[in-house]
Amino acid sequence: MKNILVTGGAGYIGSHICVALLNADYKVLVLDNLSNSKVAVLERVKEITGRSLQFVKVDLLDTQKTAAVFEENSIDAVIHLAGLKAVGESNKLPLHYYRNNVVGTLNLCERMAKHNIKNIVFSSSATVYGEQQVLPIKESAATSPTNPYGRTKLIIENMLRDIYNADPDWNISILRYFNPVGAHKSGKIGENPRGIPNNLMPYIAQVAAGRIERLCIYGNDYPTADGTGVRDYIHVLDLVAGHIKALQKLVERPGIMNHNLGTGAGYSVLEIIAAFEAITGKKIPCEIVGRREGDVAIVYADCSLAKRELAWSVDNGMREMCEDVWRWQMQNPTGY
Ligand code: NAD
Ligand code: UFG
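What you see is a predicted model; the values in this text were computed from it and never measured. (Residues numbered from 1 in each chain as written. Chains lettered and ligands numbered in written order. Predicted model: local features only at pLDDT ≥ 70, side-chain atom pairs only at ≥ 80, totals over all residues. Heavy atoms only, no water.)

Asks: Before we move on, could you go through the site of ligand 1 and cite the residues and values that matter?
Replies: As a matter of local geometry, ligand 1 sits amid 28 residues, with D32, N36, S37, L81 and Y149 nearest to it. Within the contact set of ligand 1, an oxygen atom lies 3.4 Å away from a backbone nitrogen or oxygen of G11. In this structure, S37 approaches ligand 1 through a side-chain N or O atom, which is 2.7 Å from an oxygen atom. Bound to the protein, ligand 1 loses 95% of the 820 Å² it would expose on its own. (Near = heavy atom within 4 Å. Polar contact = N/O pair within 3.5 Å; in protein donor to acceptor, adjacent residues only side chain to side chain. Areas by Shrake-Rupley, 256 points an atom, 1.4 Å probe, with all protein chains shown as cover.)

What follows is the structure, given as structure tokens:
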């Protein structure tokens, strides 16, 4: 399996996956419609790796152009990241999310089936779990997403299971990401949100850089040690390493698998702020405001299955996550 199609490869996680694939000698074809990314990122990927990759600006909703990609290229496996991911936006634009994420994946899988390409690694999310009483969360926990974005992920997971049930020649890896943060050590690629960031870590980085006045902490009355929300933050480089392991596993042990990718440790909003301040020496002005709709109190993963089955482990802790976000922010104050 040498030729990898990376859908959404120009995005935050996709660009880091491209670096890892190229460094591991894979041939990479990126498919992206650039709806949430810039093509400049791929130049940075080439700079970091000293290798080239192919890029096609294609929307997975465009069945003709997607079909042409499969006709014109040799593809052994697909890492499927293309999708919309903003929880709040998905509440406002559910149809847009269902069309883009579910129909886009349906088109992709139909093309794969037609060309007898049956290896796929899919970017799912911890959001499929919703609020859980038992922590840490195992893969076997009942799924109950609380927003349209999460429901698109669950629908896709179920579609992939149905595809496998009908044809066990498919090899499918479903990876449920917890909270990816951090950036490449070079500071050349990182998370580049459009407009005001939705997520905590890029928001803090922009406050520290003086681009945003203050951080709003969404609630300090949760049933957690300090009252703020607790999440399982994972360095993007560790997340990416999990994809390479999953891809290798598809060859060694074909079938369908489902793994959590997190660290197993929960950090509160106040702990993240304190860590970021300690590492950067910057004060993060903040204000406590009301809870954000749809947020849950505590989410962290049981990652023992991925550790055991994929022989995967994490190398980066909170220090590295903050250091690497800050390096990226300082080197690229306005993104790409
Ligand atoms: P991102 O927005 O940076 O990357 C997604 C990429 O997909 C973008 O480059 C976008 O232009 C592209 N894309 C979207 N719709 C497309 C379509 N119809 N056709 C072609 N390209 C399309 O997001 P990311 O953070 O890199 O996330 C990658 C994947 O991981 C997504 O599927 C996301 O849902 C999932 N995920 C992300 C997080 C997170 O916190 N970042 C957490 C869990 C899961
Ligand atoms: N938070 C703030 N202020 C902000 C942003 C966030 O206090 O400006 C808090 C949130 O309330 C939450 C924590 O910081 O307690 C983390 O929030 P994020 O928005 O960074 O992350 P979420 O856990 O809400 O969601 C993220 C992705 C989802 C993904 C999920 C998986 O946005 O797409 O992780 O666990 F599904």
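Once you've had a look at it, read on.
Asks: Report on helix α9 (residues 269-280), specifying residues and quantitative values.
Replies: The end-to-end C-alpha distance of α9 is 17 Å, a good match for the 16 Å that 12 residues give at a rise of 1.5 Å each. For α9, the complete set of buried residues consists of V269, I272, I273, A275, F276, E277 and T280. Taken together, the buried residues of α9 touch α7 (200-208), β8 (215-218), β10 (233-235), β12 (267-268), β13 (286-289) and α11 (318-331). (Helix = DSSP H or I, 4+ residues; strand = E, 2+ residues; numbered from the N terminus. Expected span 1.5 Å × (residues − 1). Buried < 20%, exposed > 50% of the residue type's maximum accessible area, 1.4 Å probe, protein only. Contact = heavy atoms within 4.5 Å.)

Asks: How would you sum up the site of ligand 2? Please name residues and give values.
Replies: Around ligand 2 lies a shell of 22 residues, among which S125, N199, R231, R292 and D295 are the nearest. The separation between an oxygen atom of ligand 2 and a polar side-chain atom of N179 is 3.0 Å. R292 places a side-chain nitrogen or oxygen 2.8 Å from an oxygen atom of ligand 2. Starting from 680 Å² of accessible surface for ligand 2 in isolation, the protein chains cover 90%. For the shell around ligand 2, the secondary-structure elements that each account for two or more residues are α7 and β8. Looking at which element gives the most residues to the shell around ligand 2, the answer is β8, with 4 residues. A class-by-class count of the residues in the shell around ligand 2 yields 12 nonpolar, 6 polar and 4 charged. (Nonpolar A, V, L, I, M, F, W, Y, C, P; charged D, E, K, R; others polar.)

Asks: Give a detailed account of the packing of α7 against α9, specifying residues and quantitative values.
Replies: In contact at an axis separation of 11 Å, α7 and α9 are set at 40° when each is read in the N-to-C sense. In terms of orientation, α7 and α9 fall into the oblique class. Taken as a pair, α7 and α9 cross one another with a handedness that is right-handed. The segment α7 lies against α9, with L200, M201, I204, A205 and A208 engaging V269, I272, I273 and F276. Residue composition of the contact of α7 with α9, grouped by class: 9 nonpolar, no polar and no charged. (Axes fitted to C-alpha atoms, helices over the stretch in contact; angles between N-to-C directions. Parallel < 35°, antiparallel > 145°, perpendicular 65-115°, else oblique. Left-handed = near helix turned anticlockwise from the far one by under 90°.)

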